[in-house]
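# Secondary and tertiary structure notes
Residues per chain, in single letters:
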There are 2 protein chains.
Amino acid sequence: MCENEDMTYAGVGVNYDAMDPFKRDAQRAARETAGNINRLGFSEVGMSRGESAYLLERPDHYLAHVEEGLGTKNLVADAMYRLTGKSYYDQIAQDAVAMIANDMITLGALPLSMAMHLAVGDSDWFDDKKRCHDLIEGWKKACMLARCAWGGGETPTLKGVVVPGTIVLSGSAMGVVQPKGRLITANIQHDDAIVLIESSGIHANGLTMARKIADNLPNGYLTKLTDGRAYGETLLDPTHIYVALIEGCLDYGIDIHYTANITGHGWRKLMRATQPFAYIIERLPIQLPIFGFLQEHGPIDDMEAYGNFNMGAGFALYVSEADVEKVQGIARSLGLNSFYAGHIEKCETKKVIIKPKNIEYLGSTLGVR
Amino acid sequence: MCENEDMTYAGVGVNYDAMDPFKRDAQRAARETAGNINRLGFSEVGMSRGESAYLLERPDHYLAHVEEGLGTKNLVADAMYRLTGKSYYDQIAQDAVAMIANDMITLGALPLSMAMHLAVGDSDWFDDKKRCHDLIEGWKKACMLARCAWGGGETPTLKGVVVPGTIVLSGSAMGVVQPKGRLITANIQHDDAIVLIESSGIHANGLTMARKIADNLPNGYLTKLTDGRAYGETLLDPTHIYVALIEGCLDYGIDIHYTANITGHGWRKLMRATQPFAYIIERLPIQLPIFGFLQEHGPIDDMEAYGNFNMGAGFALYVSEADVEKVQGIARSLGLNSFYAGHIEKCETKKVIIKPKNIEYLGSTLGVR
């Protein structure tokens, strides 16, 4: 399964060349500030740089900080609002909160407070009371699902910066890992099992491609999928929030070796850990109609699709095979389908192998962590 | 000094009618999520809702969360970059960090980690290496001044949402108040002294007005002020970061009764606390050339100017008269001018009185907290 290749820097860790230079330079500069907080009795957890959440250490717990955003999914909601009269802003609010919360839990942190940043191009955006109401109710509901407090936010009007009629929806969260033993580090073992948890649909990544596909369809977002639902409606299915799942697993004492929130870079995200392993997928999750539709109408081949979309798997947990049933039981109790998808093998380079599709991604294709 | 008026809801606290409805509805919805974190041993500090930082309580400390942004000041930097070849992005990075950090310290919290959110309209924005370098170095330097760790961030490309060539620069911070006695609550006393700390210039508020003034000047941003510096250059003087000042005062044991970060709403922010008091200014700070220029070329009268700009006073501390000298000594040691500007009197309504200018602002004019 794991053929040896020449060992490369890309294969064993962060590939600074493939990372975009801005992120690389920013990470280097950011590291130089780490010592500032030692006077307050805090220290940074160096390994969390480049992970989905930034961690600070105290004697008996870790604090976590995440900054994230919705991307351009609001443009799909705007289009569907014009077509149907339903705003969908409750659903995209959940998407934004999910982006933040699902990043935070990857390291075992539970979100405490969630702030909303809503930038508009013109203050008349707020004149649509229905849309405002939906956004607020959706953000609140999502905070309930993420089991955190909605802790304020900011709503600037940025004329000349945000395109009028649109919004930039983003936010941030503080969280906590306590006790410290609940920290999820990259403790991946040879023969670990890969458990994939169902996604609700496309999440907040890959929307640019999805919007282009809509432009090329005679009926656009109103085109029906195989299940009879409209394309645009399906794109806007709100992202699952996996906080209860991770909290449940940790409460149960399951030793989670690593997790991946499958967003941008699709299943290539499975090899997010720096250590070199082969992630071998033997069974695929149930295909959601949206992904078949995207592949057909792009057209998008399997390599591109699994490398960019979540393809029905929104979150991955790596555990000992003995723990697979327990994880699946907790997922089931929360109404989430899960799949014992495959296993992990030691390897001299990082790679993801999707056997049913005969696809292999090398570590070098996941430059940006 | 304080004539009694009919007591109104607006005069004694949050004016929900004057607040914009979105913020009001969001605050109401947010409050309903507060209980979610009690299971983790945290509880929200209710009084911090509507303050500049959101607080969570632990047995021996408070955590603080701030979400803020730069506004549209980057458009001035963009214009000056075209005119002069200097990007000024190091300076606006400091403005953005200052907006976050100076909000956090108002309650006595010290920033721990600072995240950057940089949304662009087109990824070719990153092709300008000089501007990228300036932004990164400026953010790092500002984190040094704010004595916190730069803890990651997010750099989405939002085509169709952010106007190409521009950016939305915002961010968030986690912070801590420890020990708990360092929390700054609204403990304002009759006869308290008002100490104003110098600003560096216009900060990140009021830029829309400043840009309009530039449009009407024959030489635009290159128009000279009385001190010979260009208007645009002066507008971009980076905002002071007052973290060291507040930390110094708290370390010294000064009992700070309340503070105000003077940003939007200008000196009306002096009456930010919900309790009714009259804030009576008897002495004005040294006039910075930028504010005289703005007033002359607007034209902007004193009422409008002091009600919207910081007018040379970037931060206010309210302390007992006996502590004024100590605060001023600490400010001086940090290279900051300060002014014993006036005092506070009990009053049945909230108001700010600027005696040298014969101006009075009623509490009802500060609807949005």
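Residues numbered from 1 in each chain as written. Chains lettered and ligands numbered in written order. Predicted model: local features only at pLDDT ≥ 70, side-chain atom pairs only at ≥ 80, totals over all residues. Heavy atoms only, no water.

## Section: the overall build of chain A
When its secondary structure is counted, chain A shows 11 helices and 13 strands. Split into buried and exposed, the 369 residues of chain A put 64% on the buried side. Looking at chain A alone, contacts between residues at least 24 apart form 80% of all its contacts between residues at least 6 apart. Summed over its atoms, the accessible surface of chain A is roughly 12700 Å², and 49% of this surface lies on carbon and sulfur atoms. (Helix = DSSP H or I, 4+ residues; strand = E, 2+ residues; numbered from the N terminus. Buried < 20%, exposed > 50% of the residue type's maximum accessible area, 1.4 Å probe, protein only. Contact = heavy atoms within 4.5 Å. Areas by Shrake-Rupley, 256 points an atom, 1.4 Å probe, with all protein chains shown as cover.)

## Let's talk about the interface of chain A and chain B
If you look at the interface, chain A gives 75 residues, while chain B gives 75 residues. Both sides together, the interface formed by chain A and chain B hides about 6000 Å², and carbon and sulfur atoms give 67% of it. A salt bridge links Glu32(B) to Lys140(A); its shortest N-O distance comes to 2.6 Å. If you look at where chain A meets chain B, you find 29 residue pairs in polar contact (both at pLDDT 80 or more). Elements represented by at least two residues in the side of chain A that touches chain B include exactly helix 2 (21-31), strand 2 (54-57), strand 3 (62-69), helix 3 (73-84), strand 4 (110-120), helix 5 (129-145), strand 5 (149-154) and strand 6 (167-177) of chain A. (Buried area = accessible area lost by both parts, 1.4 Å probe. Salt bridge = Lys/Arg side-chain N within 4 Å of Asp/Glu carboxyl O. Polar contact = N/O pair within 3.5 Å; in protein donor to acceptor, adjacent residues only side chain to side chain.)

## Some details on the relation of the copies chain A and chain B
Between the two copies, chain A and chain B, the superposition gives an RMSD of 0.0 Å; the rotation angle is 180 degrees and the shift along the axis is 0.0 Å. In the structure described here, the two chain copies are related by an operation that fits a two-fold rotation axis. Measuring from the rotation axis to each C-alpha of chain A, the shortest distance belongs to Val162(A), at 2.3 Å. Here 100% of the contact residues of chain A are again contact residues in chain B; the copies associate through an equivalent surface. (Least-squares fit on C-alpha atoms with pLDDT ≥ 70 in both.)

## Concerning helix 4 (residues 89-104) of chain A
Since there are 3.6 residues in each turn of an α-helix, residues three or four apart along the chain are aligned in direction. The first and last C-alpha atoms of helix 4 of chain A sit 23 Å apart over 16 residues, in line with the 22 Å expected at 1.5 Å per residue. Most of helix 4 of chain A sits inside the fold, with 15 of its 16 residues counted as buried. (Expected span 1.5 Å × (residues − 1).)

## Re the pairing of strand 9 (residues 277-281) of chain B
Residues and elements named next belong to chain B. Where burial is concerned, most of strand 9 is hidden: five out of the five residues are buried. As paired elements, strand 9 and strand 11 (residues 338-346) share five bridges and run antiparallel to each other. Paired with Ile-280 across the strands is His-343, a residue of strand 11. Bridge analysis of strand 9 against strand 12 (residues 351-354) gives four bridges, and the strand direction is parallel. Bridged to Ile-280 within strand 12 is Ile-353. (Pairing = 2+ DSSP bridges.)

## Topic: the packing of aromatic side chains
Tallied over the full model, the rule gives 22 aromatic pairs over all chains. Ring centres 5.3 Å apart and planes at 40 degrees place the aromatic pair Tyr242(B) and Phe315(B) in the tilted group. Separated by 73 residues along the polypeptide, Tyr242(B) in the loop between helix 7 (231-235) and helix 8 (243-251) and Phe315(B) in strand 10 (residues 313-319) bring together distant segments of the chain. Each member of the pair, Tyr242(B) together with Phe315(B), is buried. The structure contains a cluster of three or more aromatic residues connected by ring pairs, namely Phe22(A), Tyr89(B), Trp125(B) and Phe126(B). In this structure, Lys180(A) packs its charged tip against the face of Tyr62(A), placed 5.1 Å from the ring centre. (Phe/Tyr/Trp six-rings, centres within 6.5 Å; stacked < 30°, edge-to-face > 60°. Lys NZ or Arg CZ within 6 Å of the ring centre and 35° of its normal.)

## Section: the sheet that holds strand 12 (residues 351-354) of chain A
All names here are of chain A. Read across the sheet, seven strands follow the order 8-10-7-11-9-12-13 without closing on themselves; strand pairing throughout is mixed. Strands with a single pairing partner mark the edges of an open sheet, and in this sheet they are strand 8 (258-261) and strand 13 (359-362). Recorded for the sheet is a direction-independent mean angle of 20 degrees between the axes of neighbouring strands. (Axes fitted to C-alpha atoms, helices over the stretch in contact; angles between N-to-C directions.)

## Details of the environment of Glu282(B)
All names here are of chain B. Considering the arrangement of structural elements, one finds Glu-282 in the loop between strand 9 and helix 9 (289-297). What makes Glu-282 partly exposed here is its relative accessible area of 28%. Sequence-wise, Glu-282 and His-343 are 61 residues apart; in three dimensions their C-alpha atoms are separated by 8.0 Å.

## Observations regarding the pattern of salt bridges
Taken as a whole and assessed by the stated rule, the structure comprises 32 salt bridges over all chains. One salt bridge in this structure joins Arg49(A) and Glu44(A), with 2.7 Å as the shortest N-O distance. When the shortest N-O distance is used, the salt bridge between Asp237(A) and Arg229(A) registers 2.7 Å. Since its relative accessible area comes to 27%, Arg229(A) is described here as partly exposed. Look at the salt bridges and you will find they share partners, linking Glu32(A), Glu137(B) and Lys140(B) into a network.

## A closer look at the sheet that holds strand 2 (residues 54-57) of chain B
All names here are of chain B. Reading across the sheet, the six strands line up as 1-2-3-6-4-5 and stay open at both edges, with mixed pairing between neighbours. Of all the strands in the sheet, the pair left with one neighbour each is strand 1 (43-44) and strand 5 (149-154). Judged from the two bridges that link them, strand 1 and strand 2 form a sheet pairing that is antiparallel. Looking across to strand 2, one finds that Ser-43 is bridged to Glu-57.

## A few points about the nonpolar core
Ranked by internal contacts, the top residues of the largest apolar core, which has 252 residues, are Tyr231(A) and Tyr231(B). In this structure Tyr231(A) touches Ala210(A), Ile213(A), Ala214(A), Leu217(A), Gly220(A), Tyr221(A), Thr223(A), Leu225(A), Ile290(A), Phe293(A) and Leu294(A), once residues within four positions along its chain are discounted. By size, the runner-up hydrophobic cluster in this structure holds 12 residues, among which are Ala119(A), Leu158(A), Val161(A) and Val162(B). (Core = buried A, V, L, I, M, F, W, Y, C linked by side-chain atoms within 4.5 Å.)

## A few points about the domain arrangement of chain A
For an interface, size is often stated in terms of accessible area lost upon the parts coming together. Residues and elements named next belong to chain A. Entries for chain A in the domain assignment read domain 1 (21-182) and domain 2 (193-365). Domain 1 and domain 2 are separated by 21 Å when their C-alpha centres are compared. Contacts between the two partners involve 34 residues from domain 1 and, on the opposite side, 31 residues from domain 2. Carbon and sulfur atoms supply 63% of the area buried between domain 1 and domain 2, which totals about 2800 Å² over both sides. When the area that domain 1 buries against domain 2 is broken down by residue, the three leading residues are Lys-73, Val-76 and Arg-182, summing to 20%. Along the contact surface separating domain 1 from domain 2 lie three salt bridges. Close ionic contact of Arg-272 with Glu-51 constitutes a salt bridge, the shortest N to O distance being 3.5 Å. Looking at the side of domain 1 that touches domain 2, the element that brings in the most residues is helix 4, giving 10 residues. (Domains from an automatic or database assignment.)

## Some details on the state of the cysteines
By definition, a disulfide links two cysteine residues through a covalent bond between their sulfur atoms. All names here are of chain B. Enumeration over the complete set of coordinates arrives at zero disulfides over all chains. With no disulfide of its own, Cys-132 lies 17 Å from the sulfur of Cys-143, the closest cysteine sulfur. The exposure class assigned to Cys-132 is buried, which follows from its relative accessible area of 6%. As a non-bridged cysteine, Cys-143 has Cys-148 as the owner of its nearest cysteine sulfur, 4.2 Å distant. (Disulfide = S-S within 2.5 Å.)

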